[in-house]
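Here are the chains, one letter per residue:
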Amino acid sequence: MTGSRPKARLMSQSGPHAGTSFELGERATIGSAKFHDIVLEASGLAPNHARIAFEDGAYHFEDLESGGKILLDGVPLTGRKRLGRLHVIELCEGMEFVFVQDETPAAPRVEPVPAAEPTKPSEPASIDRATEPVPPAGSPR
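The present account deals with the structure reproduced in this document. (Residues numbered from 1 in each chain as written. Predicted model: local features only at pLDDT ≥ 70, side-chain atom pairs only at ≥ 80, totals over all residues. Heavy atoms only, no water.)

A word on the pattern of salt bridges. In this structure the tally under the stated criterion is six salt bridges. For E55, the salt bridge goes to R80, with nearest N and O atoms at 2.4 Å. In this pair, E55 sits in strand β5 (residues 50-55) while R80 sits in strand β9 (residues 80-82), placing the two residues 25 residues apart along the sequence. Here E55 falls in the partly exposed class, since its relative accessible area comes to 35%. (Salt bridge = Lys/Arg side-chain N within 4 Å of Asp/Glu carboxyl O. Helix = DSSP H or I, 4+ residues; strand = E, 2+ residues; numbered from the N terminus. Buried < 20%, exposed > 50% of the residue type's maximum accessible area, 1.4 Å probe, protein only.)

Okay, structure coming up:
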């Protein structure tokens, strides 16, 4: 599945983490608790705030325990929402992020193939001079 997952990132636009960008993998949990993939500190952020996951061929954003503080494109997030290529996510008041997804899937990892051993050119075919001679071009046989 990794080969078909587009690259995506979450870029902080405001708040204490402004200018920070987070590359997203198959999933990322967000919260103030230290065990999350994206640990953020802000007074309005819950320990288990939200999750972004690549499932069923698309990224999805889910409110875990924010208490209804998350806005997705200016609308309160309820449940799990499928994400498109570009979204504005406000995790809590004053902490705005932009979700950006590349249009093309990430290229699958390709292992290098070792170079083949050079081969010797084949020996030229031997000519048997004892066979019938070939007449010159244009002469009758």
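After that view of the structure, there is still more to cover.
The next subject is the nonpolar core. Of all hydrophobic cores here, the largest spans 24 residues; its most connected members are L10, L40, I52, F61, L91 and F99. Every element with two or more residues in this core is listed here: β1 (6-12), β2 (21-24), β3 (27-31), β5, β6 (58-63), β10 (86-92) and β11 (95-105). Excluding its chain neighbours within four sequence positions, the residues that come into contact with F99 are A8, R9, L10, L24, I52, Y59, L83, G84, R85, L86, H87 and I89. (Core = buried A, V, L, I, M, F, W, Y, C linked by side-chain atoms within 4.5 Å. Contact = heavy atoms within 4.5 Å.)

For any two aromatic rings, the description comes down to two numbers: the centre-to-centre distance and the angle of the planes. This model, assessed by the stated rule, comprises three aromatic pairs. A centroid spacing of 5.6 Å and a plane angle of 65° characterise the contact between Y59 and F99, whose relative ring orientation is edge-to-face. Here F99 lies in strand β11 and Y59 lies in strand β6, a separation of 40 residues in the sequence. Pairwise contacts between aromatic rings join F54, Y59 and F99 into one cluster. (Phe/Tyr/Trp six-rings, centres within 6.5 Å; stacked < 30°, edge-to-face > 60°.)

As for its position among the elements, Q101 is in strand β11. Along the sequence, Q101 and L86 sit 15 residues apart, while their C-alpha atoms lie 6.4 Å from each other. The contact partners of Q101, leaving out residues within four places of it in the chain, are P6, K7, A8, Y59, G84 and R85.

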